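Chain by chain, the residues run as shown.
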Amino acid sequence: MTTGEMCIHEMAIDTCGLCAPRSPARRAGSARVLIAPSRKAHLEGGCGHKDDPDMSGWGYVSTPDAWQAVCNGNAIHADAPSRLVSTIPCKDCQNGPLG
């Protein structure tokens, strides 16, 4: 690849969560991110397969730009009391209209 095809993060331009065109949720930096007990990160309202009516085991992330961070492979931490950590974004959320 030539340097023109890579971003400054050494990723293909269309795959880098920092450089690729961002959805409104990712641009806002304040999208609400949830971490499932399975440690997968989800955007609130980003997918339809969260069928757990009891969300007590889920974590909520209040860190700004958390979705962007997890999409780039960085660890995000849920607020207490859950203390869940995720490095894996839900692919449905990531590829959907909010991701």
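Residues numbered from 1 in each chain as written. Predicted model: local features only at pLDDT ≥ 70, side-chain atom pairs only at ≥ 80, totals over all residues. Heavy atoms only, no water.

### Looking at the overall build of the protein
Across its full length, the protein holds three helices and six strands. Ordered by position from N to C terminus, the α and β elements of the protein give α-β-β-β-α-β-β-β-α. Here the protein, with 99 residues, has 34% of them falling under the buried criterion. For the protein, contacts bridging at least 24 residues in sequence account for 50% of all contacts bridging at least 6. Approximately 5,900 Å² of the protein is accessible, and the part contributed by carbon and sulfur atoms is 53%. (Helix = DSSP H or I, 4+ residues; strand = E, 2+ residues; numbered from the N terminus. Buried < 20%, exposed > 50% of the residue type's maximum accessible area, 1.4 Å probe, protein only. Contact = heavy atoms within 4.5 Å. Areas by Shrake-Rupley, 256 points an atom, 1.4 Å probe, with all protein chains shown as cover.)

### Overview of the confidence of the model for the protein
Parts of the prediction with low pLDDT should not have their coordinates interpreted in detail. Scored by pLDDT, the protein has a mean of 76; 61% of the residues are at 70 or more. Element-level mean pLDDT values for the protein span from 48 in helix H1 (residues 24-28) up to 95 in strand E5 (residues 85-86). In this model residues 24-28 is a low-confidence stretch, pLDDT under 50, and it forms nine contacts with partners more than four residues away in sequence or in other chains. (pLDDT = per-residue confidence, 0-100.)

### Concerning the pattern of salt bridges
Tallied over the entire structure, the rule returns one salt bridge. The partner of Arg32 in a salt bridge is Glu44, with the nearest N and O atoms 3.9 Å apart. Within this pair, whereas Arg32 is found in the loop between H1 and strand E1 (33-35), its partner Glu44 is found in the loop between strand E2 (40-43) and strand E3 (59-61), the two being separated by 12 residues in sequence. (Salt bridge = Lys/Arg side-chain N within 4 Å of Asp/Glu carboxyl O.)

### A short note on the sheet that holds E2
Hydrogen bonds between backbone groups are what pair the strands of a sheet, and the pairing can be parallel or antiparallel. Here we have four strands laid out as an open sheet, ordered E3-E1-E2-E6, and mixed in their pairing. Looking at strand neighbours, the two that pair on one side only are E3 and strand E6 (88-89), the edges of this open sheet. Summarising the sheet, E1 and E3 pair through three bridges and their orientation is antiparallel. Bridge pairing in E3 places Leu34 opposite Tyr60. (Pairing = 2+ DSSP bridges.)

### Digging into the nonpolar core
Judged by nonpolar contacts, the single largest core of 15 residues is most densely connected at Val33, Ile35, Ala41, Val61, Trp67, Ile76 and Cys93. For this core, the elements supplying multiple residues, two or more each, are E1, E2 and helix H2 (66-71). Here this core gets four residues from one element, more than from any other, and that element is H2. Sequence-distant contacts of Ala41, defined by excluding residues within four places in its chain, comprise Val33, Leu34, Ile35, Trp67, Val70, Ile76, Ser86, Ile88, Pro89 and Cys90. (Core = buried A, V, L, I, M, F, W, Y, C linked by side-chain atoms within 4.5 Å.)

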